[in-house]
Amino acid sequence: MSMYSKQGTSERQTVMTAQKPKFGTFIRERRTAKGYSLRRFAELVGISPTYLSHVEQDKVVTPPTADRIQKMADLLGESPDELFAMAGRVPEDLPKIIQSQPEAMPALLRAVKGLTPEQLKKLQDQASKMRREGDPS
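A brief structural summary. Predicted model, so just to flag it, every value in this text is computed and none were measured.

### Examining helix 3 (residues 38-45)
An α-helical turn contains 3.6 residues, so any two residues separated by three or four positions project in the same direction.
Right, so step 1: Buried within helix 3 are the following residues: F41, A42 and V45. The buried side chains of helix 3 occupy one side of the element, clustering within an arc of 100° when seen end-on. Residues R39 and E43 are exposed on helix 3 and point more than 90 degrees away from its buried face.
Right, so step 2: Tucked into the core, helix 3 has its buried residues touching helix 2 (23-33), helix 4 (49-56) and helix 5 (66-76).
Right, so step 3: Count one or two residues on from helix 3 and you reach G46, which has phi positive near 95°.

Structural data, given as structure tokens:
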């Protein structure tokens, strides 16, 4: 049963916006909503059921590896980046991206800190457009 089940939809959205669930709690809720048993989900992810149980109870010091978080996201139909953030991990490609431009990338990240999701989406769209326009193919 969801920890939000006694609340109405608008109340639930407010609570979820104000305080995001912990990684393990979120995984358990999404896993059960998708109909996966603990054993089957653990098998598909490549971890033991005992370890998955500990993850879902937020009893692990070290969250699952990046590739396992990616598998979880794929199986649950969730954003891998959101799960990485919830788990306190950084996607494997980001350090290389940042290191490729050691001054510009950190400066860009600092500059966009505090922008709204809508503002970030506009910036992302503009960057994609700039990249396409610069691509000669």
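### Section: the nonpolar core
Right, so step 1: Counting 18 residues, the largest nonpolar core has F23, I27, F41, L52, M72 and L83 as its most contacted members.
Right, so step 2: Secondary-structure elements contributing two or more residues to this core are helix 2, helix 3, helix 4, helix 5 and helix 6 (80-87).
Right, so step 3: The leading source of residues in this core is helix 5, at five residues.

### As for the packing of helix 2 against helix 6
Right, so step 1: Between helix 2 and helix 6, the least distance of the axes is 8 Å, while the angle of their chain directions is 140°. Here helix 2 lies oblique to helix 6, going by the angle between them. Along its contact with helix 2, which presents F23, F26 and I27, the element helix 6 presents L83, M86 and A87.
Right, so step 2: By residue class, the composition of the contact of helix 2 with helix 6 is six nonpolar, no polar and no charged.

Criteria and cut-off values
- Residues numbered from 1 in each chain as written.
- Predicted model: local features only at pLDDT ≥ 70, side-chain atom pairs only at ≥ 80, totals over all residues.
- Heavy atoms only, no water.
- Buried < 20%, exposed > 50% of the residue type's maximum accessible area, 1.4 Å probe, protein only.
- Helix = DSSP H or I, 4+ residues; strand = E, 2+ residues; numbered from the N terminus.
- Arc of directions from axis to C-beta.
- Contact = heavy atoms within 4.5 Å.
- Core = buried A, V, L, I, M, F, W, Y, C linked by side-chain atoms within 4.5 Å.
- Axes fitted to C-alpha atoms, helices over the stretch in contact; angles between N-to-C directions.
- Parallel < 35°, antiparallel > 145°, perpendicular 65-115°, else oblique.
- Nonpolar A, V, L, I, M, F, W, Y, C, P; charged D, E, K, R; others polar.

Read these as layout, nothing more, since geometry by itself doesn't imply function.
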